[in-house]
Every structure is written in C-alpha cells, then in structure tokens.
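Structure at a glance
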Amino acid sequence: MSQRRRLAISRPVTGACGKTGSWRVFSPLIDREKCNACGLCAMYCPEAAISEDLAIDYDFCKGCGICANECPKKAVSMEREDK
Amino acid sequence: MTEIPREEYILKCTSACAGCGGTLSLRYVLKAAGRDTILVVPACCTSVIQGTYPNTAFNIPVYNVAFASAAACASGMSTALRAAGKKTHVIVYAGDGGTVDIGIQALSGAFERGTDFLYICYDNEAYGNTGMQRSGATPLGARTTTTPAGKTQPKKDLDAIVAAHKPPYMATACPAYPKDLFQKVEKALSYRGPTFIHILSPCPPGWRFSTEKTVEMGKLAVRTGMWVLYEREQGKVTINGPSKAAMVKPLPAEEYLRAQGRFGGISAEAVSRMKDDAAALAQRLQKEEKGIC
Ligand SMILES: Cc1ncc(C[n+]2csc(CCOP(=O)(O)OP(=O)(O)O)c2C)c(N)n1
Ligand code: SF4
Ligand code: SF4
Ligand code: SF4
Ligand SMILES: [Mg+2]
C-alpha cells in the first residue's frame with residue numbers, strides 16, 4: 001500500500017480544471033416561453049452544463065453557443081457578460 | 001437501443017476549448033461504455049484536458065500511455081483482465097496523429113492478435129494539442145501550421161487499413177449525431193475481439209470556425225458527403241440514414257469547405273479532387289452494401 005501511494009494517480013473531482021465559467025464572453029439564456037423542452041441543447045452541450053430540467057450551470061458553461069445555434073425554437077440567446 | 005443514460009462520466013469540467021467536438025464525442029462514448037470501463041489515452045488533447053495531477057475530470061479509470069503504445073498497452077490490459085475473469089471494457093481513445101501516424105503499428109498488431117478491445121480514433125484532422133500541425137489524417141488543401149499553403153497530400157484512408165484486418169465490427173461516427181455514436185459504441189462493445197470506431201470531431205480553433213458551429217460543421221460534413229456514416233459488421237456494410245440521404249441529394253462540398261478558415265484559398269483542383277474522392281468512396285460503399293465487390 002505504501003508503494004501504491006507513491007504512484008502518480010489523479011483523483012476525480014468537480015472543478016479539476018477550474019471554474020471554466022470565467023472563460024465566457026457571451027452567456028446563454030433560455031427563454032422558457034419559446035422553449036418546448038426538446039432537450040437538444042442539453043444533448044449537444046459538450047460540457048454537460050445543461051441539466052435535465054434545462055438549468056445552465058454558469059460555474060462551468062464556457063459560452064461556446066452550441067446550445068443557441070442548435071435550438072430549433074431560437075429560445076436560447078447569447079447575452080454579453082458584464083464583468 | 002437502450003436509452004441514453006443520464007449519468008455523466010466527465011465531471012464538470014475539462015479544460016478543452018469551448019465547443020470541442022472531441023469532448024462531446026467522449027461524453028457519449030462513456031455513456032455507452034458505462035462505469036466498468038478503462039480508458040487508455042496516449043498523448044493528445046484528451047490527455048491534457050482531463051486535468052493535471054492530482055486532479056482529473058474523468059470519473060472512470062484512465063491509463064495515460066506513450067504515443068506509439070496505446071493499442072499494445074490495451075492488449076496487455078485486456079488479456080490480464082480476461083485472465084482474471086473480468087469483463088471490464090478496454091477502450092483506447094486516441095487522436096488522429098496518435099492513430100494514423102504514430103500508433104498504427106501497435107494498432108495493427110492488436111487487431112491481428114484479436115485483442116478484445118475497442119479502439120476509437122477521434123479525428124480532428126491534425127495534431128491539435130501541440131498547435132495544429134498536419135497529420136496523415138489532415139485533408140487535402142487544409143492549412144495547418146506546417147502546411148501554411150494547404151496540404152498537398154490527401155487524407156490517409158485509415159478505415160481501409162483497419163478493414164484489411166477484418167475486425168468483427170467497425171464504424172464511422174460524428175458527435176453531431178450523438179445517438180448514432182452512442183449506439184455504435186454499444187454495438188462495438190457487444191462483440192468479443194478488436195472493434196474500431198472512427199469519429200470525425202470538429203475542432204473550432206484547428207479548423208477555424210467559431211465555437212457555436214461544432215455540431216453544424218459535423219452535420220455539414222455528412223450532408224456534403226465529405227464524411228460518410230457507415231458500419232461494417234462481420235464484413236457487411238450498412239450506410240447509415242443521414243449518409244444514405246446525402247448520397248441521394250448531397251449538399252455542395254463548398255458549403256462545408258467555405259465554412260472553415262483552414263480551407264481558405266484552396267485551389268479549384270483540390271476541391272475537385274476531394275469531390276472525386278468522396279464520390280468514389282460513396283460508390284465503393286454502396287457496392288459493398290449491395291454485396292457487389
Ligand atoms: C513520442 C512523442 N512525440 C511527440 C509528442 C508531443 N505530442 C503530444 S500530443 C501531440 C499531438 C497529438 O495529435 P493527435 O493524436 O491528433 O491528438 P490531438 O492533440 O489532435 O487530440 C504531440 C505531437 C509526444 N507526447 N510524444
Ligand atoms: S433546444 Fe431550445 S427548445 Fe429545445 S430544450 Fe433547449 S432551449 Fe428548449
Ligand atoms: S454555451 Fe456551450 S457550454 Fe454553455 S451551456 Fe451552451 S452548449 Fe453548454
Ligand atoms: S484543439 Fe480542438 S480537439 Fe483539442 S481541445 Fe481544442 S477544440 Fe478540442
Ligand atoms: Mg488530432
């Protein structure tokens with residue numbers, strides 16, 4: 001066991017690469033009036049930052065805009081971050 | 001097909017570029033593979049984005065190995081696991097440089113030995129991690145940092161090389177079609193023996209398009225016939241729905257090429273050769289599907 005501990009084994013943690021939400025220039029915002037809950041935005045988000053009930057995790061969303069681009073209802077707008 | 005599980009095996013978040021197609025691909029690969037999986041990853045974007053010691057965003061065992069040895073490591077790992085009576089999936093997740101150039105002899109050896117594993121090449125068509133140098137998988141005419149005037153050689157036909165090993169299952173995929181990708185990984189893992197999936201993974205900084213277009217670019221690749229979705233199961237070819245439709249009514253290749261900065265200034269001859277190559281591939285696959293070859 002003591003030998004094992006010396007091996008370079010990384011452990012899984014949330015935020016292993018920092019809070020990537022700070023990368024964002026534009027933020028996705030879902031208009032619930034226009035949204036029909038098809039789930040395509042959540043399916044295509046590379047970061048899995050959109051939950052089943054369509055809540056966006058802004059701590060990690062990188063602002064790529066794929067969700068807005070793929071939304072068939074044009075329900076996602078990309079709003080400039082005021083920093 | 002089983003329903004796509006909610007479980008995520010990549011914890012928020014990796015350090016991949018915004019809009020990374022390779023990450024979107026891996027998200028679905030792991031959903032299909034499930035918890036009892038070991039990923040073997042040679043040097044590539046994926047080995048970097050997983051995080052730095054002592055932390056990782058990947059919530060399954062990952063073995064990082066030297067470039068040329070991924071398939072050889074996976075071979076030993078699979079043999080040891082099977083000898084211990086374990087069914088754990090062994091999956092190599094390697095880039096195109098690590099596959100078509102550097103790892104190809106180990107890949108060939110593992111396929112010839114009949115290793116029980118799945119080899120996945122996620123193809124961003126260059127050496128992404130080190131700054132987009134050309135690889136054997138870079139398409140004709142594409143600008144990379146080492147082909148500033150556009151590559152003068154066509155893309156190496158990796159799938160034909162793998163097919164020559166007659167694996168029980170091989171397929172192509174693209175993260176713009178996540179359900180199709182999920183199903184293919186499930187199917188590959190249901191076979192014993194070496195299986196292979198080649199995933200075209202759009203890469204915003206490398207291909208020079210803006211980050212929101214990753215899925216759109218993948219769909220364009222398929223709809224223009226520049227990428228064909230198909231499977232080869234026990235030698236039998238099936239062209240998948242989106243590519244079948246594209247073979248009947250393809251979009252012009254220019255729609256895909258013009259959308260990417262890397263094809264800026266591409267010559268008319270290069271475009272015409274790419275179209276000819278795509279048409280020849282479509283014809284060959286259609287013949288194989290009908291059993292004429
Ligand atoms: C033997 C060796 N040569 C070179 C490198 C440097 N290197 C690390 S990743 C990489 C690029 C890998 O390209 P690819 O396999 O296409 O994966 P991508 O980065 O595009 O995801 C290179 C050249 C290395 N790690 N080891
Ligand atoms: S893609 Fe658009 S319509 Fe569909 S769930 Fe997301 S926001 Fe709603
Ligand atoms: S902007 Fe990109 S990272 Fe953020 S929620 Fe949309 S798809 Fe996900
Ligand atoms: S360079 Fe391309 S493949 Fe690599 S992390 Fe960035 S988007 Fe993904
Ligand atoms: Mg690559």
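Residues numbered from 1 in each chain as written. Chains lettered and ligands numbered in written order. Predicted model: local features only at pLDDT ≥ 70, side-chain atom pairs only at ≥ 80, totals over all residues. Heavy atoms only, no water.

**Details of the overall build of chain B**
- Along its length, chain B carries 12 helices and 9 strands.
- Projected onto its principal axes, the C-alpha coordinates of chain B cover approximately 55 × 45 × 35 Å.
- Counting the 293 residues in chain B, one finds 55% classified as buried.
- Residue pairs at least 24 apart in sequence account for 70% of intrachain contacts in chain B once pairs closer than 6 positions are excluded. (Helix = DSSP H or I, 4+ residues; strand = E, 2+ residues; numbered from the N terminus. Buried < 20%, exposed > 50% of the residue type's maximum accessible area, 1.4 Å probe, protein only. Contact = heavy atoms within 4.5 Å.)

**Details of the pattern of salt bridges**
Residues and elements named next belong to chain B.
- Per the stated rule, a full pass over the model turns up 26 salt bridges over all chains.
- With its nearest N and O atoms 3.9 Å apart, the salt bridge here joins Asp 116 to Arg 192. Residue Asp 116 is located in the loop between helix H5 (104-113) and strand E5 (117-123), and its partner Arg 192 is located in the loop between helix H7 (178-190) and strand E7 (194-200); the two are separated by 76 residues in the primary sequence.
- Among the residues examined, Asp 116 registers a relative accessible area of 15% and is labelled buried.
- For the salt bridge of Lys 155 with Asp 123, the shortest nitrogen-to-oxygen distance reads 2.5 Å. With Lys 155 in the loop between E5 and helix H6 (158-163) and Asp 123 in strand E5, the pair connects residues that are 32 residues apart, well separated along the chain.
- According to the relative accessible area criterion, Lys 155 is partly exposed, its value standing at 25%.
- Judged by its relative accessible area of 0%, Asp 123 is buried.
- The structure contains a network of salt bridges with shared partners spanning Asp 123, Glu 125, Lys 155 and Arg 262. (Salt bridge = Lys/Arg side-chain N within 4 Å of Asp/Glu carboxyl O.)

**Here we look at the side chain of B:Thr214**
- Along the polypeptide, B:Thr214 turns up in helix H9 (residues 214-223).
- Ignoring anything within four residues of it in the chain, the contact list for B:Thr214 reads A:Ile66, B:Gly19, B:Gly21, B:Pro202, B:Pro204 and B:Phe209.

**So, the site of ligand 3**
- Around ligand 3, the surrounding shell consists of A:Pro28, A:Cys45, A:Glu47, A:Ile50, A:Cys61, A:Lys62, A:Gly63, A:Cys64, A:Gly65 and A:Cys67.
- Residues of the shell around ligand 3, tallied by class, amount to 6 nonpolar, 2 polar and 2 charged. (Near = heavy atom within 4 Å. Nonpolar A, V, L, I, M, F, W, Y, C, P; charged D, E, K, R; others polar.)

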